[in-house]
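# Chains, contacts and geometry: an overview
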Amino acid sequence: MKAELNEQALLKGLAQNDSKAVETLYKSHFTMIQHFVENNNGSFDDARDIFQEAMIALYEKVQLDSFVLTCQIKTYLFSICKHLWLKRLQQMGKYSSPLSAHEESISVEMDMGQIEKKDAAFAIMDRALNSLGEPCKSLLEGYYLNKKGMQELASQFGYTNADNAKNQKYKCLMRLKKLFFAQYNIGD
Amino acid sequence: MEDIQLLETIEKYLLGELSDQERTQFDVIRQKSADIDQMVVEHKLFLDQMGTYAKRKNVVHTSQHVFSTLLANGEWAPIEAAAEPAKVLQLWSKYKKVIAIAASFGGFFAIFTSIIVMYLSPSLNGSQLLQLSKAVEVIKKDQQAQGHILNEVKTKVPENAKLISGGSGFLIDTKGYIITNAHVLKGNGAIVINSKGQELNATIIYSDITNDLALLKIEDKDYKQPKAIPYAIRRKISDLGEEIFTLGFPRNDNDIVYGKGYLSAQTGYEGDSSSYQIQISANPGYSGAPIFNSNGELIGVISTRQKLAEGVAFAVKSTEIIDVVNALKDNERTKDINIKLPKFTSSASRSRKAQLDNLKNFMYSVRSFN
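Here the structure is a predicted model, which means the values were calculated and not measured.

## Here's the deal with the overall build of chain A
Scanning chain A from N- to C-terminus turns up eight helices and zero strands. When the elements of chain A are put in sequence order from the N terminus, they spell out α-α-α-α-α-α-α-α. With 188 residues in all, chain A has 44% of them scored as buried. Within chain A, residue pairs in contact and separated by at least 24 positions form 65% of the contacts whose partners lie at least 6 positions apart. Carbon and sulfur atoms form 48% of the exposed surface of chain A, whose accessible area is close to 9800 Å².

In structure tokens, the structure reads:
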């Protein structure tokens, strides 16, 4: 029971971007993934990337309204990593035989479908922001991501006053929204 | 100005920052104006997405930060250090696709930096120049130490063969002809490894020590001939200051590495007119790597690095490649080889990322053995 509570606390921590929780997840499970990837044609860097993706998938899973974790975090992370690594190998045309693995895993196909939609929405916003160019990108990131005030942003970017910065932010925001909605389809 | 205020109000409305009175007023406006109502709905969707994006972005950031901190603190043993015998085979299986001996370059870089291992070319001023092929003595030593493991790994290097040297190379004819440096091929046999990690058998066709160029041919049933090569071999001398880039295999894990720099002199070491001086961070293993200009034309082949000045390297001019191809005609053994050098550069208009993605398919890591 105690272990279960700990797992719940970890997931809650991950959802709240608590670095202690993230650290615990890395410390408890990364070695397992490292071995799995390296035993299946991958490198340490591949393991790092796959684990990172799996952490994000777990984070997205926790965010879902229908969230229930029916197995241990360990099993879930491993299952996602296995799924992702298999996909990666297939993309590289390297996959030929069943993967060698000693851990038990569950089917994550259903979850991955939902998570991939989240990935897609994230990618659209990321692309839109990145194609804005500077200073628009940093200005909007400062305001919407880092929650900085207009006054602070004005002095950071060298605008003479907050109104000018606000004006610029407005123009940037219009461009971003245009870029974003050009690709984002409601309801899909 | 009005639009700004409107959007600002919408944002405050959505974030619950309006007073009750303002909020009621705004609700009335929403009901009356379909346009404004639409703007509110749209902006809500956008802000929701932005919020989701921001949260996830922060998690990605935390995750990366935590990982690098733990790695720096030695939480996970890097591959080379994890030398428990039981794990060795597991670790080696990683290299199945690469080449067994690649791993034995492991200890090389440390020694390289302290310049204990230096490969001197007799035709050049040896004390000042350092050839960029991967060091040999170290490879040999490591190989002996790990010899029993090497036999366990499938590789196209013949059994009992000793890896002598290595570097980079690139295709100049779709039939499988590869140009590299002559000093990269110190052994009498060679294999090449493509950017996907696939090993292919190759034969050494021609080696020109003076110009430090050599020609290999892939002879392997697994070789898939590409339709066309996306870079032309430049027949003219390139301009001073021209922006250049390279792709090579300087690392022991056989990952392709991109480097950028500029052409710093139209002649090479001590005025050598057959090469350029280039400013690029050249590492060992870059020997034989191609130099492209910003149009994607091939203008040279990296060859040696001046010992003392970091970042300074030399590249054999592309015109020398043409000379090599012409020289084949004069030799009884090679006169029937018909190499068609690529004449068109097709990657010019792409972004650098797309360009590299395409170019890497034509780049090879070269290993020579005895």
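## So, the overall build of chain B
Each helix and strand counted, chain B has eight helices and 13 strands in total. Counting over 370 residues, chain B shows a buried share of 51%. Considering only intrachain contacts with a sequence separation of at least 6, the fraction spanning at least 24 residues in chain B is 69%.

## Things to note about unusual backbone geometry
Of all residues except glycine, most have a negative phi; of all peptide bonds, most are trans. All names here are of chain A. Although it is not a glycine, Asn-17 adopts a positive phi angle of roughly 60 degrees. Within the secondary structure layout, Asn-17 lies in the loop between helix 1 (2-15) and helix 2 (19-38). Using a relative accessible area of 24% as the deciding quantity, one classes Asn-17 as partly exposed. Residue Lys-147 is not a glycine yet carries a positive backbone phi of 55 degrees. Its location among the elements puts Lys-147 in the loop between helix 6 (136-145) and helix 7 (150-157). A residue is classified by how much of its surface remains accessible, and Lys-147, at 63% relative accessible area, is exposed.

## Overview of the nonpolar core
One finds B:Ile172, B:Tyr231 and B:Ile321 to be the most contacted residues of the largest nonpolar core, which totals 45 residues. With residues near it in sequence (within four places) discarded, B:Tyr231 still touches B:Phe170, B:Leu171, B:Phe292, B:Gly296, B:Leu298, B:Pro342, B:Phe344, B:Thr345, B:Leu359, B:Phe362 and B:Met363. Within the second largest apolar cluster, 44 residues are counted, among which are A:Leu10, A:Val22, A:Ala54 and B:Val60.

## Some remarks on the state of the cysteines
Should the sulfur atoms of two cysteines be covalently bonded, the bond is a disulfide. Residue and element names in this part refer to chain A. This structure, assessed with the given rule, holds one disulfide over all chains. Between the sulfur atoms of Cys-136 and its disulfide partner Cys-172 the distance amounts to 2.1 Å. Its torsion about the S-S bond being -80 degrees, the disulfide of Cys-136 and Cys-172 is classed as left-handed. Of this pair, Cys-136 sits in helix 6 while Cys-172 sits in helix 8 (residues 162-183), placing them 36 residues apart in sequence. On the basis of relative accessible area, Cys-172 is assigned to the buried category, the value being 0%.

## Remarks on the packing of aromatic side chains
Under the counting rule described, the total for this entry stands at 19 aromatic pairs over all chains. With centroids separated by 5.7 Å and ring planes inclined at 80 degrees, the aromatic side chains of A:Phe30 and A:Phe44 adopt a geometry described as edge-to-face. With A:Phe30 in helix 2 and A:Phe44 in helix 3 (residues 44-63), the pair connects residues that are 14 residues apart, well separated along the chain. With respect to class, A:Phe30 is no different from A:Phe44; both count as buried. Through a chain of ring-to-ring contacts, the aromatic side chains of B:Phe170, B:Tyr231, B:Phe245, B:Tyr258, B:Phe292 and B:Phe362 assemble into a single cluster. The aromatic ring of A:Tyr143 is capped on one face by A:Lys169, whose charged end is 4.0 Å from the ring centroid.

## Section: the interface of chain B and chain A
Taken together, the contact between chain B and chain A spans 40 residues of the former and 49 residues of the latter. Summing both partners gives a buried area of about 4300 Å² for chain B against chain A, and 66% of it is carried by carbon and sulfur. Among the residues of chain B in contact with chain A, B:Phe46, B:Tyr53 and B:Arg56 are the three that bury the most area, contributing 18% of the side total. Inspection of the chain B/chain A interface yields six salt bridges. In this structure, A:Lys177 engages B:Glu42 in a salt bridge whose closest nitrogen and oxygen atoms are separated by 3.3 Å. Summed over the shared surface of chain B and chain A, the result is 13 residue pairs in polar contact (both at pLDDT 80 or more). Elements supplying a minimum of two residues to the side of chain B that touches chain A: helix 1 (2-14), helix 3 (34-72) and helix 4 (85-93) of chain B. Here the side of chain B that touches chain A takes 22 residues from helix 3 of chain B, the largest share from any one element.

## Section: helix 6 of chain A
Since the α-helix packs 3.6 residues into each turn, any two residues three or four apart lie on the same face. The buried fraction of helix 6 of chain A is high, at eight of ten residues. Where helix 6 of chain A is concerned, the buried positions are A:Cys136, A:Lys137, A:Leu139, A:Leu140, A:Glu141, A:Gly142, A:Tyr144 and A:Leu145. Looking at the buried residues of helix 6 of chain A, the elements they touch are helix 5 (109-130), helix 7 and helix 8 of chain A together with helix 1 and helix 3 of chain B.

## Focus on the environment of A:Phe44
For A:Phe44, a relative accessible area of 9% puts it in the buried group. Taking the C-alpha atoms as reference points, A:Phe44 and A:Ile33, separated by eleven residues in sequence, lie 9.6 Å from one another.

## Quick word on the sheet that holds strand 5 (residues 199-208) of chain B
Residue and element names in this part refer to chain B. One closed barrel accounts for six strands, arranged 2-3-6-5-4-13; its pairing is antiparallel. Each neighbouring strand pair of the sheet contributes to a mean axis angle of 40 degrees, computed without reference to strand direction. Relative to strand 6 (residues 213-218), strand 5 is paired through six bridges, and the arrangement is antiparallel. Residue Thr-203 lies in a different strand from strand 6, and its bridge partner there is Lys-217. Seen against the sheet, helix 7 (residues 318-328) touches strand 2 (163-173), strand 3 (177-180), strand 5 and strand 6 and runs at an angle of roughly 85 degrees to strand 5.

## What about the environment of B:Lys236?
Residues and elements named next belong to chain B. You can see Lys-236 is positioned in the loop between strand 6 and strand 7 (243-248). Taking relative accessible area as the criterion, Lys-236 reaches 60% and is therefore assigned exposed. Once the C-alpha coordinates of Lys-236 and Ser-318 are considered, the two residues, 82 residues apart in sequence, prove to be 8.3 Å apart.

## Considering the confidence of the model for chain B
Residue and element names in this part refer to chain B. Averaged over all residues, the pLDDT of chain B is 77; the fraction at 70 or higher stands at 75%. Across residues 80-127 the pLDDT falls below 50, and counting only partners more than four positions away or on other chains, this stretch makes 103 contacts in the model. Below a pLDDT of 50 lies the segment residues 137-141, which in the model reaches twelve contacts outside its immediate sequence neighbourhood of four places, other chains included. This complex was scored by the predictor with a pTM of 0.46 and an ipTM of 0.86.

## With respect to the pattern of salt bridges
Side chains carrying opposite charge are able to pair once their charged atoms draw close together. Residue and element names in this part refer to chain A. Per the counting criterion, the structure on display carries 22 salt bridges over all chains. The residue Arg-48 makes a salt bridge to Asp-45 at a minimum N-O spacing of 3.7 Å. Note that Arg-48 and Asp-45 are positioned in helix 3 at a spacing of three residues, about one turn of the helix. For Asp-45, a relative accessible area of 32% corresponds to the partly exposed category.

Rules behind the numbers
Residues numbered from 1 in each chain as written. Chains lettered and ligands numbered in written order. Predicted model: local features only at pLDDT ≥ 70, side-chain atom pairs only at ≥ 80, totals over all residues. Heavy atoms only, no water. Helix = DSSP H or I, 4+ residues; strand = E, 2+ residues; numbered from the N terminus. Buried < 20%, exposed > 50% of the residue type's maximum accessible area, 1.4 Å probe, protein only. Contact = heavy atoms within 4.5 Å. Areas by Shrake-Rupley, 256 points an atom, 1.4 Å probe, with all protein chains shown as cover. Core = buried A, V, L, I, M, F, W, Y, C linked by side-chain atoms within 4.5 Å. Disulfide = S-S within 2.5 Å. Phe/Tyr/Trp six-rings, centres within 6.5 Å; stacked < 30°, edge-to-face > 60°. Lys NZ or Arg CZ within 6 Å of the ring centre and 35° of its normal. Buried area = accessible area lost by both parts, 1.4 Å probe. Salt bridge = Lys/Arg side-chain N within 4 Å of Asp/Glu carboxyl O. Polar contact = N/O pair within 3.5 Å; in protein donor to acceptor, adjacent residues only side chain to side chain. Pairing = 2+ DSSP bridges. Axes fitted to C-alpha atoms, helices over the stretch in contact; angles between N-to-C directions. pLDDT = per-residue confidence, 0-100.

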